[in-house]
Amino acid sequence: MRKSWRIGVLGAALLGLAPPAMAESPASTCGTAPLRGDRVALLIGNSAYNDWEWPSLKNAVNDIDHVCDAFAKAGIEPRIVRNADMTSLDAALTRFAAEAVGAKSVILYYAGHGFEYGGRNWLVPMDAPPATRRADVEKRYLSIEAAVRRVVPAGAFTLVFVDACRTADPVVRIEDADVAKGEAGSAPLGLLDIGQGAVFYSTAKGRPALDFAPAGSPVSPFAAAVVKELAIPGLEIGDYFKVVAREVYKRTHDMDLGPQQPFHYGSWFDDYYLVAPPELPTVAVASLPPPAVAAASPDGAARGAATPVIDPLADIALDRLAIEDEPLLIADVLSRHRAGELVALADGGHPLAQQLAGYMFSLGVGVKRDMARARTYLERSAEQGFPAGQTELAYLLLGSDPSAANRSRAQALYRAASDAGFSKAKTHLAYHLARGSFGPPDFAASRALYAEAAEQGHPAAMFALTYFPDLRAANMARLRKLADAGNPEGNHWLCEAQFDGKRLTGGAEDCAIAARAGFAGSRALLAHAYAKGEGVAADAKEAAHWARLARDLPELRQDQRDLIAGIGEDGQG
């Protein structure tokens, strides 16, 4: 397979630019209409490099056409630029900036060659040379950061997707840089500083981005996943990033240069949706009909209606509820069932639908966040003795108001779900028993519950058991099996299990895989490893890179924030 350098930058609003002078004949009219909305996007794709100075990229232009159609259907107004030289790019940016003046969000997408030099990231126009002098970099290549500043209005949300190879091979040779004397040459694309907004890379630092997967595909795996997951309404942008990353990882796991692991970072205060969640009217609880649909319990016993009926949610494997993280599971469910369908089933008394709806409303996944509705649905699911509903309600009670009454009720809910064989409840209950959340710590009961949950396949329980010397080896092997099967959660827990509180004793590669997959703890531990030279060669720039990415994730634990305090906070990386 030919190694290709690709970059995709999805910037802060979807606006389409008319094809520049050098562009090929467009395959469609997408991206040519005037931009009048408040969500716009600029899509730039360079494919037709000359193959002796730069490798051509067959799918770069195909990708922006594919993404353009999807954005337009999502209500994002796109502008397209294909195979543009520096002059055409400059003209396209000027036009787009004028059209985007009133935009509230702007997306920039670039597919082509790219590199980092001088602390800035650069895209490669069609007429750019493969070598240049330091003084000519700004004349020959287009700074991505400068492009963002140029086209994004003040206060607009900025979204940048970067789909490009980021391997260590130099993309551009800086002829007068004396590397032997410590002068920096070009490097793989680095972190972009865009202010409020988010950046989504198609691949991790040091890794290639595949131009197609599987072989012969007309678009890249990243573009394919961006479009596929855009069909799910109501995914907040952070959840959207996660499901796109999972899809790319799955598509490329068994390929020679795979797996490809997209990752994201950024800072934003309000929920942002590429496709807004639907408006779903509230149904008064008093008017609800009795449950009309049977839902299977995790052990296969029927719950709900006494008369057997066809379960519209039968395609949702209930054992997944017991072991899989909810954001990815819910996104997968929403790819097959509209949010309105799930809420209607919940209103009709389906306990699984009630649990799913409760989670969706609690975190704003697929629907607008509404804690009152979330509580109502979870209460009704739990009332029917549905273990997943009981577990989710217990979690909500402890997270929203850990009063004595709520702690007592949460313990009862966890106990009921655990007794029903629900592994996620066993793990939660085991954690709280060891922590003393419900009274004096009970380590023996905690260990027994962790053992039961691990036997049922719950990764967090496997990790917990690595703290018991007599169970460590067996559960490290279980986690390794998960990792080897392509589940980066296995790598994440292996990374955590090999940190003794002060230093990483092994598993730096597991930390790297999980960090690229977006696990906050693994990013922090990898940053610490690079800072201390534990399992990897000490590298202050890599340490700063991963520390910054870790700190951008709100789920990072306080002890891990403390661990990386000071690393990269001087702006390096």
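Above this text is the structure in question.
Since the structure is predicted, the reported quantities are computational estimates derived from the model, not experimental observations.

## Some points on the state of the cysteines
Linking two cysteines covalently through their sulfur atoms gives a disulfide. What the rule picks out here adds up to two disulfides. One disulfide bridge connects Cys30 with Cys68, the sulfur atoms lying 2.0 Å from each other. Judged by the torsion about the S-S bond (-95 degrees), the Cys30/Cys68 disulfide is left-handed. Within this pair, whereas Cys30 is found in the segment before strand 1 (39–45), its partner Cys68 is found in helix 1 (residues 60–73), the two being separated by 38 residues in sequence. Across this residue pair, the class does not change: Cys30 and Cys68 are buried. In this model, Cys495 is linked to Cys511 through a disulfide, with the two sulfur atoms separated by 2.0 Å. Across the disulfide from Cys495 to Cys511, rotation about the S-S bond amounts to roughly 90 degrees, and the bridge is consequently right-handed. Of this pair, Cys495 sits in helix 18 (residues 488–497) while Cys511 sits in helix 19 (residues 508–516), and the two are 16 residues apart along the sequence.

## Focus: the packing of helix 5 (residues 221–230) against helix 6 (residues 237–252)
In contact at an axis separation of 9 Å, helix 5 and helix 6 are set at 135 degrees when each is read in the N-to-C sense. Here helix 5 is positioned oblique relative to helix 6, judged by the angle of their axes. The two elements helix 5 and helix 6 cross, and the hand of that crossing is right-handed. Facing helix 5, whose interface residues are Pro221, Phe222, Ala224, Ala225, Val226, Lys228, Glu229 and Leu230, helix 6 presents Tyr240, Val243, Val244, Glu247, Val248, Arg251 and Thr252.

## Observations regarding the pairing of strand 10 (residues 197–201)
The buried count for strand 10 comes to five of five residues, which makes it a mostly enclosed element. Residues Gly197, Val199 and Tyr201 point to one face of strand 10 and Ala198 and Phe200 to the other, with burial holding for every one of them. Across five bridges, the pairing between strand 8 (residues 157–162) and strand 10 is parallel. Bridge pairing links Leu159 to Ala198 in strand 10. Pairing between strand 10 and strand 11 (residues 263–267): five bridges, direction antiparallel. Its bridge partner being in strand 11, Phe200 is matched across the sheet by His264.

## Topic: unusual backbone geometry
Positive phi values are uncommon outside glycine, yet Asn83 reaches one of about 45 degrees. Looking at the secondary structure, you find Asn83 in the loop between strand 2 (77–82) and helix 2 (86–99).

## A few points about helix 11 (residues 371–383)
Taking 1.5 Å of rise per residue, the 13 residues of helix 11 would be expected to cover 18 Å, and the 18 Å separating its terminal C-alpha atoms lies within 8% of that figure. Looking only at helix 11, the buried set comprises Arg373, Ala374, Tyr377, Leu378, Glu379, Arg380, Ser381 and Ala382. The inward-facing, buried residues of helix 11 contact helix 9 (339–347), helix 10 (351–363), helix 12 (387–400) and helix 13 (404–419). Here helix 11 starts with a cap whose side-chain oxygen sits 3.2 Å from the backbone nitrogen of Ala372, and that cap is Asp370. Gly385 sits one or two positions beyond helix 11 and adopts a positive phi of about 75 degrees.

Criteria and thresholds
Residues numbered from 1 in each chain as written. Predicted model: local features only at pLDDT ≥ 70, side-chain atom pairs only at ≥ 80, totals over all residues. Heavy atoms only, no water. Disulfide = S-S within 2.5 Å. Helix = DSSP H or I, 4+ residues; strand = E, 2+ residues; numbered from the N terminus. Buried < 20%, exposed > 50% of the residue type's maximum accessible area, 1.4 Å probe, protein only. Axes fitted to C-alpha atoms, helices over the stretch in contact; angles between N-to-C directions. Parallel < 35°, antiparallel > 145°, perpendicular 65-115°, else oblique. Left-handed = near helix turned anticlockwise from the far one by under 90°. Contact = heavy atoms within 4.5 Å. Pairing = 2+ DSSP bridges. Expected span 1.5 Å × (residues − 1). Polar contact = N/O pair within 3.5 Å; in protein donor to acceptor, adjacent residues only side chain to side chain.

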